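# Structural overview for review
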Amino acid sequence: MQPRNMSMRGVVDLGAVKAASEAAAQRAARAASAPQTGADSAPGAAGGFVFDLTEENFDSVLALSQQAPVVLEFSSQRSPHSIELGEVFDRLAAEFAGRFVLARVDIDATPQLAQELVMQAQVQGLPAAVAVIAGQLAPMFDRAAPQEEQLRQILDQLVAVGEQRFGLTGLTGAPGAPGAAPQAEGDEDAEPPGDPLLAPAEAALDAGDFAGAAQAYRNVISDYPAHTEAKLALAQVELILRTKDADADEVRRNAAERPTDVDAQTLAADLDLSGGNVEDAFGRLVETVRRTAGDDRNKARVHLLGLFEVIGLDDPRVVKARAALTSVLF
């Protein structure tokens, strides 16, 4: 498992980029704001602000630290003190109503995730809690839980730091939060708002600003290197940026006339891919790698690996092309 940073597929076209971005945002939001009866929600979750942290919802829940402090509560059903603390945290989560988010780390249910977080947060024993504020870790307590009133004061301080230093405004739009828009009758299946981390990139896409969207996705990846959706969307947007002003006839003519010109071949492969001719794009670059050597060969190889990311590493066409690339290289 890679350390977590808490300083914390098919035809590619404009529609695909936007759809992939929206779908990723919806998946992240569903995980981060699951209703109380959902698999990732703690029993009795307060207003949608208490979550059981899992591998699946880790990124989306931690992303909420850009809106409100996220408190990581390390717990175990084998520890009476943890159970008591959990009840206190549930009450306070309801009271604070979105000014902080509680992410419960069950060391029994998710031992691998818990072990990793314990090491990063340097937790020595239960009960324990740390906060994540705008992606930054902040210690709270370890091996000795404060009384409820003391914990309320600690949370008040966390909220104040979030507001004053990072401009965090809280999750006022989550289910049950004050000021949250009431759900219209018959809208139970309506999609939730998108991942807030991806909102700037989506706004740039809506405005047709692909360069701005690419930079916004890079910003997300810089803070959250494991953000798969941002990586996929960035690869797709970068493909559009490389091809949007290209003259297709000229590109293909240049590629036909200069079979060992890496720049000509990579641009032609980009056009192949953006037009849905995925296997043609991969085959062109595998052949370019075979024909070239040194820096040119490496440039073609790296570009091909980037196109694999656009389609998805599990796609059968990628698996086949990767095998072909390996045979050419070795």
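Everything that follows concerns the structure shown earlier in this document.
Per chain, residues are indexed from 1 in the order of the written sequence. Reporting in this predicted model follows two pLDDT cut-offs: at least 70 for local features of residues, and 80 or more for side-chain atom pairs to be given and counted; totals over whole chains, interfaces and linings ignore these cut-offs and use all residues. Note that water and hydrogens are dropped before the side-chain values are worked out from all heavy atoms of the structure.

## Looking at the overall build of the protein
Secondary structure follows DSSP: runs of H or I at least 4 residues long count as helices, runs of E at least 2 residues long count as strands, and numbering of each begins at the N terminus. When helices and strands are tallied, the protein shows 13 helices and 5 strands. Counting every position in the protein, which comprises 330 residues, the buried fraction comes to 46%. For accessible areas, the Shrake-Rupley method is used with a probe of radius 1.4 Å. Any residue's cover is judged against the shown protein chains and nothing else. For the protein, the computed accessible surface area is about 16200 Å², with 50% contributed by carbon and sulfur atoms. Relative accessibility thresholds used throughout: buried, under 20% of the residue-type maximum; exposed, over 50%; partly exposed, between the two (1.4 Å probe, protein chains only).

## Quick notes on the pairing of strand β4 (residues 128-133)
Among the 6 residues in β4, 6 count as buried, and that is most of the element. What you see with β4 is no split at all: A128, V130 and V132 on one side and A129, A131 and I133 on the other are buried throughout. By the bridge criterion, 5 bridges tie strand β2 (residues 70-75) to β4 in an arrangement that is antiparallel. Counted as the bridge partner of F74 is A128 from β4. Strands are treated as partners if at least two bridges between them are detected by DSSP. Across 6 bridges, the pairing between β4 and strand β5 (residues 136-142) is antiparallel. Across the sheet, V132 pairs through a bridge with L137, a residue of β5. Following β4, the chain reverses through 2 residues before pairing antiparallel with β5; A134 in that reversal takes a positive phi of roughly 50°.

## Observations concerning helix α7 (residues 210-223)
Each helix should span, by expectation, one fewer than its residue count multiplied by 1.5 Å. Helix length check: α7 (14 residues) gives 20 Å between terminal C-alpha atoms against 20 Å at 1.5 Å per residue, within 8%. Along α7, the positions that sit buried rather than exposed are F210, A213, A214, A216, Y217, V220 and I221. All buried residues of α7 lie within an arc of 160° about the axis, which places them on one face of the element. It is the directions from the helix axis to the C-beta atoms whose arc is reported.

## A word on unusual backbone geometry
Cis peptide bonds are those with omega within 30 degrees of zero, and the linkage from L126 to P127 qualifies with -5°. In this fold, P127 is placed in the loop between α4 (111-121) and β4. Within the chain, A97 stands out as a residue other than glycine whose phi angle is a positive 50°. Even without glycine at this site, A134 takes up a positive phi of about 50°. Relative to the elements of secondary structure, A134 occurs in the loop between β4 and β5.

## What about the pattern of salt bridges?
For this document, the term salt bridge refers to a Lys or Arg side-chain nitrogen within 4 Å of an Asp or Glu carboxyl oxygen. Enumeration over the complete set of coordinates arrives at 17 salt bridges. One salt bridge in this structure joins R78 and D108, with 2.7 Å as the shortest N-O distance. Of this pair, R78 sits in the loop between β2 and α3 (80-96) while D108 sits in the loop between β3 (101-106) and α4, and the two are 30 residues apart along the sequence. Look at R78 and you get exposed, because its relative accessible area is 64%.

## Details of the packing of aromatic side chains
Two rings from Phe, Tyr or Trp (for Trp, the six-membered ring) form a pair when their centres are within 6.5 Å of each other. A pair whose planes differ by under 30 degrees is stacked, one over 60 is edge-to-face, and the rest are tilted. One pass over the full model with this rule turns up 2 aromatic pairs. Ring centres 5.4 Å apart and planes at 75° place the aromatic pair F96 and F100 in the edge-to-face group. The pair formed by F96 and F100 is uniform in burial state, with each residue classed as buried. A centroid spacing of 5.0 Å and a plane angle of 90° characterise the contact between F282 and F308, whose relative ring orientation is edge-to-face. Highlighted residues: F282 in helix α11 (residues 278-291) and F308 in helix α12 (residues 294-311), separated in sequence by 26 residues. As far as burial versus exposure is concerned, F282 and F308 are alike and both buried.

## Focus on the side chain of D272
Within the secondary structure, D272 is located in helix α10 (residues 262-274). Residue contacts are counted whenever heavy atoms from the two residues lie within 4.5 Å of one another. Those residues in contact with D272 that sit more than four places away from it in its chain are R252, N277, V278, D280, A281 and R284.

## Some thoughts on the pairing of β2
Among the 6 residues that make up β2, 6 are buried, leaving the element largely enclosed by the rest of the structure. Burial of β2 is two-sided: the residues V70, L72 and F74 facing one way and the residues V71, E73 and S75 facing the other way are all buried. Relative to β3, β2 runs parallel, the two sharing 6 bridges. Counterpart to L72 in the pairing with β3 is A103. Here is how to tell: hold the view so the strands point away, follow the path from the first strand over the helix to the second, and if it runs clockwise the crossover is right-handed. Crossover handedness for the path β2 to α3 to β3: right-handed.

## Observations concerning the environment of Q67
With respect to the helices and strands, the residue Q67 is situated in the loop between α2 (58-63) and β2. Residue Q67 is classed as partly exposed on the basis of its relative accessible area of 26%. Distance from Q67 to G98, taken between C-alpha atoms, is 9.3 Å for residues 31 residues apart in sequence.

## Quick notes on the nonpolar core
Taken as a class, soluble globular proteins show a tendency for nonpolar side chains to be buried jointly. Only buried residues count toward a nonpolar core. Its members are Ala, Val, Leu, Ile, Met, Phe, Trp, Tyr and Cys residues joined through side-chain atoms within 4.5 Å. Residues L53, V70, L72, F74, V101, V105 and L117 are the most contacted members of the largest nonpolar core, which totals 23 residues. When contributions to this core are tallied by element, the ones reaching two or more residues are α2, β2, β3, α4 and β4. The biggest single contributor to this core is α4, with 4 residues. The residues touching V105, leaving out its near neighbours within four places in the chain, are L53, L72, E73, F74, S75, A114 and L117. Counting 21 residues, the second-largest nonpolar core is a separate cluster that includes L85, L92, F96 and L151.

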